[in-house]
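Coordinate inspection notes
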Amino acid sequence: MPGSLEDRYVRVEVINGKNLNIPSGRIPAGIYISVDVDSRRPWKSATRVLLSDESVTWDDTLILSSHVSPAFSVEIRASYEVDRMLGSGEVVGKLQTSWDELLDHGDEPFVLSFPPVRGVYPSLTLKTATVPACDDQGSALLDSLVDCEIAQDTDAGHAQFVEYMTGESIFHLNGAVQHFQVVLDQCLIGHPDRAAALTNLACVRLEGYIRNDIQDIDSTISLFRDALALRPQGHPDHASSLCHLIRALNRCYSKEQSAVYIHESAQLCCKLLPLCPEGTYLRSIGVDTAIDYVIHNLPMDASDEGIHLRRVILELCPLGHQHRPGALYPLLQSLHRRFTQRGTIDDLDESIELGREAVSLLSEGHPQRSNCLNELAVSLIYRFGYQGTSHDLDEAISVYEQALLLRPVGHESRYLSLSNLGGALRTRFNKRGDIDDINRAISLHREALMSIPPEHPRRDAMLANLALALKTRYVKSHVNEDLNEAIDRYRESLRVRRHDHPNRHITLFNLSSALCSRFTQSRENEDIEEAVRLCQESLAALPSLHPDRCLSYSWLQQAYLSRYRVEHSPADLSLAVDNFRLSSRHPTEGLQQRIMAAWDWVVAAEKHHHASGLEAYSTYFDLLDRYLSTRSSIVARREATFTFRRASTLPVDAASCATRRDNLRQAVELVEHGRGQQWTLASRLRTPLEDLESTNPKLARTFSELNKQLSGAQDSVGSTDRAAADRAATAYRKLTEQWDAAVTEIRNLQGFSRFLLPPSYKDLQAAACQGPVIILIGSEYSCSAIIVTTSGEPHHVPLPSIVLADLENLKDRFARAIPHACRMGPTELRTDLIVLLRAVWDNIMLPIVDVLEHVLKLKHGSRIWLCPTAAFTSIPLHAAHPFQTKADRSGKEPCLEDLFICSYTPTLSALIRSRQMMKKHVPPSFIAIGQGQPGAGKGKELLAVDSELKLVRKLVPAMAQCFTLSGHEATRAGALEALQQNSWVHLACHGKQDHDQPYNSHFVMKDEPLTLLDIMEKDIPHAEFAFLSACHTAVGDKETPDEVIHLAAGLQFSGFKSVVGTLWEVDDAVAKHIVEAFYQNIFKGLEDGGVMDCTKAAWALNRATHAVKTKVPLEQRIVFIHIGV
């Protein structure tokens, strides 16, 4: 530039900086520019946050006098403090250039490049111009607030550390440590720069530790913790200190693999993320890198705490975040692993949802896509095993097929996809029996085995999987070659699998099973002897509390049973039963497997007439009770029940077993306990924890926490490391002792003496305090009735002329006869229905009536309660009728309802509970709810509803406030509120029974259905009586014939002590005759000062059906039944 610069000034605009790589690798709090102004102090720009692309924007200006210095000297420095700088920071770049070169760019911005840092050239974008003389430098001069000696030592430490990081000389590392230690020694507690001094020293010590130059990691971590403590939330450097500690913990984990480091790191990441804006260097290098590290290094942990941590990490990766697929994958793995430990279906559902999302986020070519597909399929297979839903199995196979396509021939994991797909096809073959599935499964397993070399570490598993598929095909086709090859493959798997392999015991008992099968064909003793020895060997290989001992016991009992069936030695049957006990009671195996073991025990005991049958049934019910008590809702409990084969028939089978052994008391207890899977347990829902929480909140919390701890402890006892297994077993036993102590303490509370215990026969006798209760048992082994009275022993009534198949036939014939009768004219003879009701009288009720009349001497007109089970629930027992003339021609033979006042009860416990809830009489309130115009798609219009409501209102006595809810006001919410606010209710509307999901059975309202679940979730203690003039309100669930899950019983459970319901479709035009006669009878005598009494409902219904014989057809008279007190 022409002319002299004497007495001239230069304006320098610092626009931005790029490629600002930090030599030491540390994460700076900010970047600033330092320019020599004079010999005393430099000019300093504002400190700006470094962005993720290693750039900074300043837009700062300074004015310099050219005569002060012969050249322009500038430094780029990294500051490690936002709040108060300790020293001058670390030099990123340093450059000196002449004034002429600086001013040789006119008014245009230009780039000033610095020497390279790690192969990258830092640069500044500047703009310069000469200006008139001025005293204003345009920005601040650097005035250090820090003691000069401390600042110098700090800067020297930074310089030494940079030398170490670029040259890796231990001399420079030691120098950096010395300088920073000196600074820390001078920054005593209370010194404003102590946190910065702690951080600097910790950073260099950590780097030395990582490179094995310094071993003391605990003291280094302590330095970071102390610095963070001095910078609490809200401090400008709090985020920086969090980041330093996270990086330190991650580096420690990479060296020592201690889970405590990575767990704490993950927790701190959750705190750091909200403090780091998107696009900043701290976010991209500090947080995102740390999250990525945590995602890929956090150990698999299926505990509640571990899954919670994984959820939090997922929250750190919202939709669109680059690491979200990586965060989804380990969470879904943890969830389905926890499912295998606890059997909580919610975990499985969530893992499937997460798996589908993960797959959707990964492109076809993404290296993790096949892994996610595989994990999703595994979860679907688990859920199929749990719920038996075919579409889950089909989807799993489809997903496995997709994964296989992503692993072509030569892919290192192709053998796994082949084996997984083969396993799923084998499962589908077991479900549907399509031979193509098992043939393809075997082909896939053969290909998987052929695709790996002989020395492959998973060869043993591939051999075992092929063996299992061959054994499966043998069970179907009985081709001996399959069974023999399966045995050979299992043997080869054992030869390949090392003796300390954690899964060796599985191959041992699978081979045992195959040998058992061959023994049943060959009768070769060496096969069965080897089978027994293999199971014993598998048991010897496992610690005493290993979960898989349950399976070893199961296969061992199979071996003993196989030998018993051939040799008929009672000793073998006894040994089999011993192993049934051990399997079903093994404390660390999941409840599902133990329940299945108990089921197998039941089957064997029944088949071989073993005396342990009742013990087997009791064990099954105890385990199922515990399993269902872990479910969080009524619906979940019902769904969980159907994961077990024939769960619905076991209560009556158990009662039949006890009856055949002349143990009638236990028969009553077992049928009540078993049927309590739904209603009795539902009645106890408010006892175990809800009532306990209101009585003793502290004890309730303790018990709940112990349940969680016991569930979580099951997995830890499965270690094959004997020492670890022993420690886990000790801890588990201590937890069990605490749990037992808590239960004992709860049972000592008033009202909780039978906490978690099924009711005894003595308890159940209270149900018969106002008349005998007749339990009708329909089992494949026998059909009979047990009459429970208020005192003495129960009375057994054999029903020799009927078996379960007859009951099923009778049920089906009623299902056809009732609709046929409903279509007939009012005067036509209901011949089919009469024949059926006569069969009910002759084969079922007549033997019972004989005992009631001649043994119990029960007076005619007395009340009786029917408690039907199985197919009995679908038969109108109360309407049993001989339909014949007396022998002396003096008149008609009486029917059941001529002799006694009949009521029903779902269980004995339900009847007891209703009586216990009877309180002092309160002023009655009556609500009549009607919905005759439900709207499109919700059922036909009920033309007689309005007239029925008017009739009811007219018949309700003046002493009761009577309200009507109908038309647009009869909504779901309105009806539910009316049920809660009134003690007497009349409902006239459509009733819909949902046979697949009985808790969705509902009354049709104007807007939404009022479901059984809606009703059951309400506790209505002041409720007394409900008349359900609607269709199908007392019809059970066809999938659970042993349970009476219907709208009428739901109202009883919610608090209504007495309920009139219907068994099938009601003709609203004729129903009003029964309604009128019923209310006339139940309110009879009130004008003389009586009170409204819901216990008269059964008598009033009996009188009403007699009164309308000439007006109402037979099928419409017997449609109404009474439930409750």
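Report on the accompanying structure. (Residues numbered from 1 in each chain as written. Predicted model: local features only at pLDDT ≥ 70, side-chain atom pairs only at ≥ 80, totals over all residues. Heavy atoms only, no water.)

**Some thoughts on the overall build of the protein**
In terms of helices and strands, the protein carries 42 helices and 22 strands. Per-residue burial over the protein gives 56% buried out of 1125 residues. Intrachain contacts of the protein at a sequence separation of at least 6 include 70% that bridge at least 24 residues. (Helix = DSSP H or I, 4+ residues; strand = E, 2+ residues; numbered from the N terminus. Buried < 20%, exposed > 50% of the residue type's maximum accessible area, 1.4 Å probe, protein only. Contact = heavy atoms within 4.5 Å.)

**As for unusual backbone geometry**
Positive phi values are uncommon outside glycine, yet Arg 118 reaches one of about 55°. Positionally, Arg 118 belongs in the loop between strand E7 (110-113) and strand E8 (123-131). In this structure, His 568 takes a positive phi of about 60° despite not being glycine. Structurally, the position occupied by His 568 is in the loop between helix H20 (549-567) and helix H21 (570-584). The exposed category is assigned to His 568, whose relative accessible area is 54%.

**Observations concerning the nonpolar core**
Counting 287 residues, the largest nonpolar core has Ile 844, Met 845, Leu 877, Phe 926, Phe 1078 and Tyr 1079 as its most contacted members. Considering each element in turn, this core owes the most residues, 12 residues, to helix H33 (residues 831-854). Leave out the neighbours within four places in its chain, and Met 845 touches Val 840, Leu 866, Leu 877, Ala 880 and Leu 896. (Core = buried A, V, L, I, M, F, W, Y, C linked by side-chain atoms within 4.5 Å.)

**Description of the sheet that holds strand E5 (residues 71-79)**
Overall, antiparallel pairing links the 4 strands, which are arranged E3-E2-E5-E6 in an open sheet. Only two strands of the sheet have a single neighbouring strand rather than two, namely strand E3 (42-44) and strand E6 (90-98). Ignoring strand direction, the axes of neighbouring strands in this sheet form an average angle of 20°. Sheet topology note: the strand E2 (residues 30-36)/E3 ladder contains 3 bridges and is antiparallel. By the bridge assignment, Ser 34 is partnered in E3 with Lys 44. (Pairing = 2+ DSSP bridges. Axes fitted to C-alpha atoms, helices over the stretch in contact; angles between N-to-C directions.)

**Here's the deal with the packing of aromatic side chains**
This structure, assessed with the given rule, holds 12 aromatic pairs. Considering the side-chain rings of Phe 1027 and Tyr 1079, the 5.8 Å spacing of their centres and the 35° angle between planes classify their relative orientation as tilted. Here the residue Phe 1027 occupies a position in strand E20 (residues 1025-1029), and Tyr 1079 occupies one in helix H40 (residues 1068-1082), the gap between them amounting to 52 residues. In this structure Phe 1027 comes out as buried when scored by relative accessible area, which is 0%. For the ring pair Phe 1078 and Tyr 1079, a centre distance of 5.1 Å and an interplane angle of 80° mean the geometry is edge-to-face. Of the residues examined, Phe 1078 reaches a relative accessible area of 0% and is grouped as buried. A residue is classified by how much of its surface remains accessible, and Tyr 1079, at 0% relative accessible area, is buried. Geometry around Tyr 32 places Lys 44 over its ring, the cationic atom sitting 4.8 Å from the centre. (Phe/Tyr/Trp six-rings, centres within 6.5 Å; stacked < 30°, edge-to-face > 60°. Lys NZ or Arg CZ within 6 Å of the ring centre and 35° of its normal.)

**Thoughts on the packing of helix H15 (residues 435-450) against helix H16 (residues 459-477)**
Describing two packed helices takes the angle between their axes plus the distance from one axis to the other. Between H15 and H16, the least distance of the axes is 9 Å, while the angle of their chain directions is 160°. Here H15 lies roughly antiparallel to H16, going by the angle between them. The element H15 and its partner H16 pack so that their crossing is left-handed. Each of Ile 438, Asn 439, Ile 442, His 445, Arg 446, Ala 448 and Leu 449 in H15 lies in contact with H16, whose residues at this interface are Arg 459, Met 462, Leu 463, Asn 465, Leu 466, Ala 469, Leu 470, Thr 472 and Arg 473. (Parallel < 35°, antiparallel > 145°, perpendicular 65-115°, else oblique. Left-handed = near helix turned anticlockwise from the far one by under 90°.)

**Quick notes on the sheet that holds strand E4 (residues 56-65)**
The 4 strands are arranged E4-E1-E8-E7 in an open sheet whose pairing can be described as antiparallel. Each of the sheet's edge strands pairs with one partner strand only, and the pair in question is E4 and E7. Each strand axis lies, on average, 30° off the axis of its neighbour in the sheet, ignoring direction. Pairing analysis gives 8 bridges linking strand E1 (residues 9-18) to E4, with the strands arranged antiparallel. Of the residues in E4, the one forming a bridge with Tyr 9 is Ser 65.

**A closer look at the pattern of salt bridges**
Here the structure, examined in full by the defined rule, presents 37 salt bridges. Where Arg 459 meets Glu 492, a salt bridge forms, and the shortest distance between an N and an O atom there is 3.4 Å. Of the two residues, Arg 459 is situated in helix H16 and Glu 492 in helix H17 (residues 480-496); the sequence distance between them amounts to 33 residues. On the accessibility criterion, Arg 459 (14% relative accessible area) is buried. Residues joined in a network through salt bridges with shared partners are Arg 446, Arg 459, Glu 485, Arg 489 and Glu 492. (Salt bridge = Lys/Arg side-chain N within 4 Å of Asp/Glu carboxyl O.)

**A word on the state of the cysteines**
Counted under the stated rule, the structure contains 0 disulfides. Left without a disulfide partner, Cys 535 is nearest to the cysteine sulfur of Cys 516, which lies 6.8 Å away. (Disulfide = S-S within 2.5 Å.)

**A look at the packing of H40 against helix H41 (residues 1097-1107)**
Here H40 crosses H41 at 135°, and the two axes come no closer than 8 Å. Judged by the inter-axis angle, H40 sits oblique to H41. Handedness of the H40/H41 crossing: right-handed. Here Ile 1074, Ala 1077, Phe 1078, Asn 1081 and Ile 1082 of H40 lie close against H41, whose contacting residues are Ala 1097, Trp 1099, Ala 1100, Leu 1101, Arg 1103, Ala 1104 and Ala 1107. For the contact of H40 with H41, a count of residues per class yields 10 nonpolar, 1 polar and 1 charged. (Nonpolar A, V, L, I, M, F, W, Y, C, P; charged D, E, K, R; others polar.)

**Looking at helix H22 (residues 591-607)**
With 17 residues, H22 ought to run about 24 Å at 1.5 Å a step, and its terminal C-alpha atoms sit 24 Å apart, in line with that. Restricting attention to buried positions, one finds in H22 the residues Leu 591, Arg 594, Ile 595, Ala 597, Ala 598, Trp 599, Trp 601, Val 602, Ala 604, Ala 605 and Glu 606. (Expected span 1.5 Å × (residues − 1).)

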